[in-house]
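Residue-level structure breakdown
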Amino acid sequence: MPKPSDIAHADLDELVKGIKLEDAIALTSGVGFWNTHAVSSANIPAIKVSDGPNGIRGSRYFMGTPAKVIPCATALGSTWDTELIGSAAAKLLAEEAKLRGASIILGPTVNIQRSPLGGRSFESFSEDPYLSGQIASAYIANVQSHGIGTCIKHFVGNDMENDRFAYDAIISPRALREIYLMPFMIAERNAQPWAYMAAYNRVNGLHMSENPLLKEIIRDEWKSDAMIMSDWFGTYGLSESINAGLDLEMPGVGKWRTQDQMGRCLRSKKIMARTVRERARKVLELVQKCARAAPEIIDGDGQERTNDSQEDVALMRRLAAQAIVLLKNDGGILPLKADHLKKVAIIGPNAKARVLTGGGSASLKASYFVSPYEGIVKALPKDVEISYNEGSQAFLTMPTLDGEIITEDGKSGWIGSWYDHVDRNFSLAPKPLKVDLISETKLIILGSQPPELGERWSLILRGFLRPRDTDTIFEFGLTVAGRAKLFVDGELVIDNWTKQRPGDAFFRTGTLEERGTFHRKAGVKHEIVLELCNVKPAAGGGEDEIPPSGAAVQLGGADVLDADKAIEESVEMARSADVAIVVVGLNADWETSGYDRTTLALPGRTDELVAKILAANPKTVVITQAGSAVEMPWVDFAPAILHTWYLGNATGDAIADVLFGKVNPSAKLSLTFPKRLQDTPSYGHFASENGKVRYAEDLYVGYKHYENVNIAPLFAFGHGLSYTSFEYSNLKITTPKASSVAEGFEVVVKLVVKNTGAVTGSEAVQVYVTLPPSSFGHLHVPKQLRGFHKVRDIEPGESKEASVILDKYAVSYWEEGTARWRAERGKYIVSVGASSANIRLVGEFEIGREFEWRGL
Ligand code: BGC
């Protein structure tokens, strides 16, 4: 009996020639949301792809498989530790993909944070293309050496979310090469991702799914043999994308590449059969790679599983702690000495909130979660008196009710009954087709409804709010793609059915959140019924529509808070405590797919809360959670600040490890924190204007801008403190080897790092290069990161060597006139720093003769 994985040994030339053109056509688009097409007559199996990038969701958002959520990409970038990222990629991503039966991870994301406002800033490693490229390389190499493919994304220019299907990124050739393509290029050179995902947007006039850059750069210049897929619903034409080199259209329900439409394009010679077979061949090459590397997945039962071994849990915690950046520590108030504390106040909207990662396609259902509050409480001795107050509210839409809703017999979740509609007036079939116990309160159904349902259907969810011992006014929020209404104890509380206001939720197919309140009585088990149907009113008032990516609903809720009282109580609590720990920040509502942030300020009254607590108790530690930068108007009054990004399942444990000194922090910011939005490089031209986004900051992205215009940031790129101190000395720079040719060009930079403090610590040493003034009149940025070395575990008094190799990438710039990389003759300045703004040692080397190159 042939096995599906036998494709590992197939001769692809023969296979491609041998299959029918219809099969070749079918192979160029997916099946459903997450699979490629199988051709059983030719023993070609399907492979499954899965998001990505900070965990592996599996094939369902809805009733999904519990998974490990690792720290978000900006957090991973902040470790500056390629070895650690490598272990995480191998053990927490590749192994996890195997548990989900997925052969390809839809990640890493290596777009660039032109502004911290970008909705998906959290999903890319860094504002610096070199750091991003190196971290991505470690990620890709280690996932792939463990049998799972990666799909690097989004190629290229998806650096913001508003208008992402349409905007045209106008980027100079030089900035495109040096900034936006560079992380892809470094990853291609170092690790050869098995797949690329074309971005949604246009670049310089053409959508990326039909842009000649796919061929010119990926195939011709970099000689990559990766398969190129579209982003989801990111194809906007047929012949254009086939001819441009886009191998696979995703998802399969996108429906450009149908037999009928492909047939017409073939007959009219808009596309050639030969091109279709070439695209199909790339898909088969990928399937073959997957079958060779991990045949057990291809031959597996397709089931999705969860397994969190003790070692995994420990690595999750270590990784998360290694990503926490100590921004400030005046007077060494951290680490806190748990044994010396009697009274601790834990305050803030993020202390108990389920904030694991950003939203959108990066989100997944966590297999476990430790909140900051839980982590801190666990780490404190039992006799410490702990007080808590939410202080202020930070949500955009009402917080999740996961865990708050129970069934009649007390199980967590609610009972969902699926009904067909028997007519166009939403009348339900007399009996449900299926009944499920559903634990989520955010249901992105995306085709995961029972397959036997007809075209128009409803899901009725019934459960009870967990009884509590206080009376409150409780507020619900209901967002839907489709229609929904909410009843509490039989009374209609929210109607998001008859009148709807379009919003940004669910990849912009949903409504705005509608809210409604009710009196939640102490000790009462209130009944909640939510009715959802998959048909929504048409935008223009005509025929009803079925949202293109399926129905979705989100029910959230919280007590109505007396905001003044909450702040007052928190201040009192802080005043009487030995230490106040304030946990504030953003969440997956603010940072997500489909839209950008509009401000760098923390939500609601957060800043006021923090400022008042700092005034009440000088011994206050501020912990911020956000995937990108936030403003901190109270920064001068805060003695200690930890920026913790989104840390995934292990959040609270990792925070406690750093807070109480079990882990000495060694992370450094992967992007600049500005003082205010107006200071950011793309301020004024970040947004799309009539469909055009002008990358007018050009090469001056991130720290290059702040340095160039001499604006002091709040915290510089590369900044991060330790509980110890380091001294840098003995800088040695070799004269260039092969100084006039690109291949083999090499300069070695070495120095000694000494731990001059009292505890063991690790230091990310950063090497920046300044190019010599150009004899051709080109302008260069002040300096660029070109190497780093994380020197680990230096004991007090101990010295260790840091060393970095500078290659041709480190000395070259993109010469637009000749379309080549060029290194000019002259003196190159090497600045070695503890951050981009804290340069400790400076040296130089010289190149005697210029050289040029192309390719990798
Ligand atoms: C995102 C991709 C993601 C895909 C599949 C898209 O909306 O932009 O990053 O991999 O969906 O979920």
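Read on for a plain summary of the structure. (Residues numbered from 1 in each chain as written. Predicted model: local features only at pLDDT ≥ 70, side-chain atom pairs only at ≥ 80, totals over all residues. Heavy atoms only, no water.)

1. Describing the packing of aromatic side chains
The line we're drawing: Aromatic pairs are defined between Phe, Tyr and Trp rings, using the six-membered ring for Trp, whenever the two ring centres lie within 6.5 Å; interplanar angles under 30 degrees are classed as stacked, those over 60 as edge-to-face, and all others as tilted. Helix numbering and strand numbering both begin at the N terminus, where a helix is a DSSP run of H or I of at least 4 residues and a strand a DSSP run of E of at least 2. Throughout, exposure labels follow a simple rule: accessible area from a 1.4 Å probe, protein chains only, divided by the maximum for the residue type, with under 20% read as buried, over 50% as exposed, and the rest as partly exposed.
Scanning all chains against the criterion turns up 29 aromatic pairs. Considering the side-chain rings of tyrosine 180 and tyrosine 695, the 5.0 Å spacing of their centres and the 70° angle between planes classify their relative orientation as edge-to-face. A residue pair is termed long-range when its members are at least 10 positions apart, and tyrosine 180 in helix α6 (residues 173-180) and tyrosine 695 in the loop between β26 (692-694) and α19 (703-708) qualify at 515 residues. The residues tyrosine 180 and tyrosine 695 share a single accessibility class, namely buried. Ring geometry for tyrosine 703 and tyrosine 768: centres 5.7 Å apart, planes at 80°, overall edge-to-face. In this pair, tyrosine 703 sits in helix α19 while tyrosine 768 sits in strand β29 (residues 761-770), placing the two residues 65 residues apart along the sequence.

2. Some thoughts on the nonpolar core
Let me state the cut-off plainly: Only buried Ala, Val, Leu, Ile, Met, Phe, Trp, Tyr and Cys residues count toward a nonpolar core, and they belong to the same one when joined by side-chain atoms within 4.5 Å. Working rule for contacts: check all heavy atoms of both residues, and any pair within 4.5 Å makes them a contact.
Within the largest apolar cluster, 185 residues are counted, with the highest numbers of intra-cluster contacts made by Phe155, Tyr180, Leu334, Met632, Leu659 and Leu806. Setting aside residues no more than four positions away along its own chain, leucine 806 makes contact with Phe745, Glu746, Val747, Val749, Val767, Val769, Arg786, Val830 and Phe845. In this structure, Leu15, Ala195, Leu248 and Ala280 belong to the second largest nonpolar core, which totals 49 residues.

3. Some points on the pairing of strand β25 (residues 640-643)
Here is the rule: Think of it this way: DSSP has to see at least two bridges between two strands before they count as a pair.
Residues Ala640 and Leu642 line one face of β25 and the alternating positions Ile641 and His643 line the opposite face, and both faces are buried. By the bridge criterion, four bridges tie strand β9 (residues 325-329) to β25 in an arrangement that is antiparallel. The residue bridging lysine 328 from the neighbouring strand is isoleucine 641, located in β25.

4. Some details on the sheet that holds strand β6 (residues 202-203)
Either a parallel or an antiparallel arrangement is found when strands of a sheet pair, and the pairing is made through backbone hydrogen bonds. Pairing within the open sheet is mixed, and its four strands lie in the order β7-β6-β4-β26. Each of the sheet's edge strands pairs with one partner strand only, and the pair in question is β7 (206-207) and β26. Where β6 meets β7, two bridges bridge the pair, whose relative direction is antiparallel. Bridging from a neighbouring strand, arginine 202 pairs with histidine 207 of β7.

5. Overview of helix α18 (residues 651-659)
Among the nine residues that make up α18, nine are buried, leaving the element largely enclosed by the rest of the structure. Those residues of α18 that sit buried are Thr651, Gly652, Asp653, Ala654, Ile655, Ala656, Asp657, Val658 and Leu659. In the core, the buried residues of α18 are packed alongside α13 (310-322), α14 (372-379), β23 (579-585), β24 (620-625) and β25. Downstream of α18 by a residue or two, glycine 661 has a phi angle that is positive, lying close to 80°.

6. Details of the sheet that holds β24
Rule in force here: For helices, the fitted line uses only the C-alpha atoms of the stretch in contact; every axis is such a line through C-alpha atoms, and the angle between N-to-C directions lies from 0 to 180 degrees.
Strands sit in the order β9-β25-β24-β23-β10-β11 across an open sheet of six strands; the sheet is mixed. Each edge of the open sheet carries a strand with a single partner, namely β9 and β11 (385-389). In this sheet, neighbouring strand axes are inclined to one another by 15° on average, regardless of whether the strands run parallel or antiparallel. Pairing geometry for strand β10 (residues 343-347) and β23, over four bridges, is parallel. Following the sheet pairing, alanine 345 is matched in β23 by alanine 580. The strands that helix α16 (residues 563-575) touches are β10, β11 and β23; relative to β11, the one it contacts most, it runs at about 160°.

7. Quick word on the site of the ligand
Convention followed: Residues are labelled near a given molecule or strand when at least one of their non-hydrogen atoms is within 4 Å of it. Identification of polar contacts relies on pairs of N or O atoms within 3.5 Å, with a donor-acceptor requirement for protein atoms, meaning one able to donate a hydrogen and the other able to accept it, and with residues adjacent in sequence counted only if both atoms are side-chain atoms. Methods summary: accessible areas were calculated by the Shrake-Rupley approach with a probe of 1.4 Å, and residue burial reflects only the protein chains presented. Residues were grouped as follows: Ala, Val, Leu, Ile, Met, Phe, Trp, Tyr, Cys and Pro as nonpolar; Asp, Glu, Lys and Arg as charged; and all remaining residues, including Gly, as polar.
Around the ligand lies a shell formed by Trp34, Asp51, Leu106, Arg120, Lys153, His154, Arg164, Met197, Tyr200, Asp231, Trp232 and Ser361. Between an oxygen atom of the ligand and a side-chain N or O atom of aspartate 51, the distance comes to 2.4 Å. Between the ligand and histidine 154 there is a distance of 2.7 Å, counted from an oxygen atom to a side-chain nitrogen or oxygen. In the complex, the protein chains occlude 96% of the 310 Å² of accessible area that the ligand would expose alone. Classifying every residue of the shell around the ligand gives five nonpolar, two polar and five charged.

8. Quick word on empty space enclosed by the protein
Selection criterion: Every definition here rests on a 1 Å grid over the protein atoms only: cavities are sets of points where a 1.4 Å probe fits but cannot get out, pockets are open sets enclosed by protein on both sides within 12 Å along at least five of seven lines, and lining residues have some atom within 4 Å of a point. Grid points are joined across faces, edges and corners, and a volume is the space filled by probe spheres set on the points.
One pass over the structure, following the stated rule, counts six cavities of 30 Å³ or more. A volume near 120 Å³ is recorded for the largest cavity. Along the wall of the largest cavity there are 15 residues; nearest its centre are Asn111, Arg120, Ser121, Asn158 and Asp159. Per-class residue counts for the lining of the largest cavity are two nonpolar, nine polar and four charged. Its boundaries defined by the atoms lining it, the second largest cavity holds a volume of some 90 Å³.

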